[in-house]
Amino acid sequence: GAVVSQHPSRVICKSGTSVKIECRSLDFQATTMFWYRQFPKKSLMLMATSNEGSKATYEQGVEKDKFLINHASLTLSTLTVTSAHPEDSSFYICSARTSGSYGEQFFGPGTRLTVL
Amino acid sequence: GNSVTQMEGPVTLSEEAFLTINCTYTATGYPSLFWYVQYPGEGLQLLLKATKADDKGSNKGFEATYRKETTSFHLEKGSVQVSDSAVYFCALLEGAQKLVFGQGTRLTINP
């Protein structure tokens, strides 16, 4: 299957700083990428849908000014957590969708963010 | 809104045991249903899917049948292996591309 990578896999930062997470589709082009957040023992919750070359579509309750998403190319989307606080600590997962009406989502391995 | 409920884990079984992980859903209409598996240190991978009622998805010895009468999509395997240890997620497709996930069930298989 197609491969999606995330970088970094783990990051620890101080409260108030910003953190950028990259999501790359390694062997296919993805016009649509997705960002999820996973809390312990909870399901993955979709944060936003990212379309190449246009603004991301955020789910209800997700602060777009706090979670900045950039999908500048067909193989790269970035999530920037701005002015991070301890409550932003979580596991962030991206996925990339292959093209076509029946496109499949392929998931990255996730990024563990810890805000001190 | 649409939602997915999975049986709570963790689930611990011995090798060659029979596995069932329950999944029920609440949805408008009849969405496509999926099981994803996440092995340690890896991303979620599609395990199997069913796109309409009474469809049976199968892969790697796992099976799940789309039951609209009971709004269920239970995952089963007749004889599990240590290598099946992972976290399993049930999901439905809302609209064209939005996946709605259950909370995941951690499965551990002991030799």
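Residues numbered from 1 in each chain as written. Chains lettered and ligands numbered in written order. Predicted model: local features only at pLDDT ≥ 70, side-chain atom pairs only at ≥ 80, totals over all residues. Heavy atoms only, no water.

## So, the interface of chain A and chain B
What counts, and what does not: Any two residues whose heavy atoms approach within 4.5 Å at even a single point are treated as in contact. Buried area is a sum: the accessible area each of two parts loses on coming together, probed at 1.4 Å, counted once for each and added. We define a salt bridge as a contact between a side-chain nitrogen of Lys or Arg and a carboxyl oxygen of Asp or Glu at a distance within 4 Å. Pairs of N or O atoms within 3.5 Å make up the polar contacts considered here, provided that, within protein, one atom can donate a hydrogen while the other can accept it, and that residues adjacent in sequence are counted only when both atoms are side-chain atoms. Secondary structure elements are defined from DSSP: runs of H or I of at least 4 residues count as helices, runs of E of at least 2 residues count as strands, and each element is numbered from the N terminus. Only Asp, Glu, Lys and Arg are considered charged in this grouping, and only Ala, Val, Leu, Ile, Met, Phe, Trp, Tyr, Cys and Pro are considered nonpolar; every other residue, Gly among them, is considered polar.
Taken together, the 19 residues of chain A in the interface contact 15 residues of chain B. Taking both sides of the interface into account, the surface hidden between chain A and chain B amounts to around 1,300 Å²; carbon and sulfur atoms contribute 55%. Taken together, chain A and chain B are joined by 1 salt bridge. For Glu59 of chain A, the salt bridge goes to Lys98 of chain B, with nearest N and O atoms at 2.6 Å. Seen at the junction of chain A and chain B, the total is 2 residue pairs in polar contact (both at pLDDT 80 or more). For the side of chain A that touches chain B, the secondary-structure elements that each account for two or more residues are strand S4 (32–38), strand S5 (44–51), strand S9 (90–97) and strand S10 (105–107) of chain A. It is S4 of chain A that provides the largest number of residues to the side of chain A that touches chain B, a total of 4 residues. Split by residue class, the side of chain A that touches chain B holds 8 nonpolar, 6 polar and 5 charged.

## Considerations on the sheet that holds strand S8 (residues 76–81) of chain A
All names here are of chain A. As a reminder of what qualifies: At least two DSSP bridges between two strands are needed for those strands to be called paired. A fitted line through C-alpha atoms represents every axis, and for helices the fit uses only the stretch in contact; the resulting angles, taken between N-to-C directions, go from 0 to 180 degrees.
Read from one edge to the other, the open sheet built from 4 strands follows the order S1-S3-S8-S7, with strand pairing classed as antiparallel. With partners counted over all chains shown, the strands left at the sheet margins are strand S1 (4–7) and strand S7 (67–73), one partner each. Across this sheet, the average inter-strand angle for adjacent strands is 15°, counted without regard to direction. Direction of pairing for strand S3 (residues 19–25) relative to S8: antiparallel, over a ladder of 6 bridges. By the bridge assignment, Glu22 is partnered in S8 with Thr78.

## Digging into the pattern of salt bridges
Note the threshold: Relative accessibility under 20% of the residue-type maximum defines a buried residue, over 50% an exposed one, and the middle range a partly exposed one, all with a 1.4 Å probe and only protein chains included.
A complete count under the given rule lists 7 salt bridges over all chains for this structure. The closest approach of N and O atoms between Arg24 of chain A and Glu22 of chain A, which form a salt bridge, is 3.4 Å. Judged by relative accessible area, Arg24 of chain A falls into the partly exposed class, the value being 34%. A salt bridge links Asp88 of chain A to Lys66 of chain A; the shortest N-O distance between them is 2.9 Å. Taken as a pair, Asp88 of chain A in the loop between S8 and S9 and Lys66 of chain A in the loop between strand S6 (57–58) and S7 lie far apart in primary sequence, 22 residues in all. Each of Glu59 of chain A together with Glu94 and Lys98 of chain B takes part in salt bridges that share partners, so that together they form one network.

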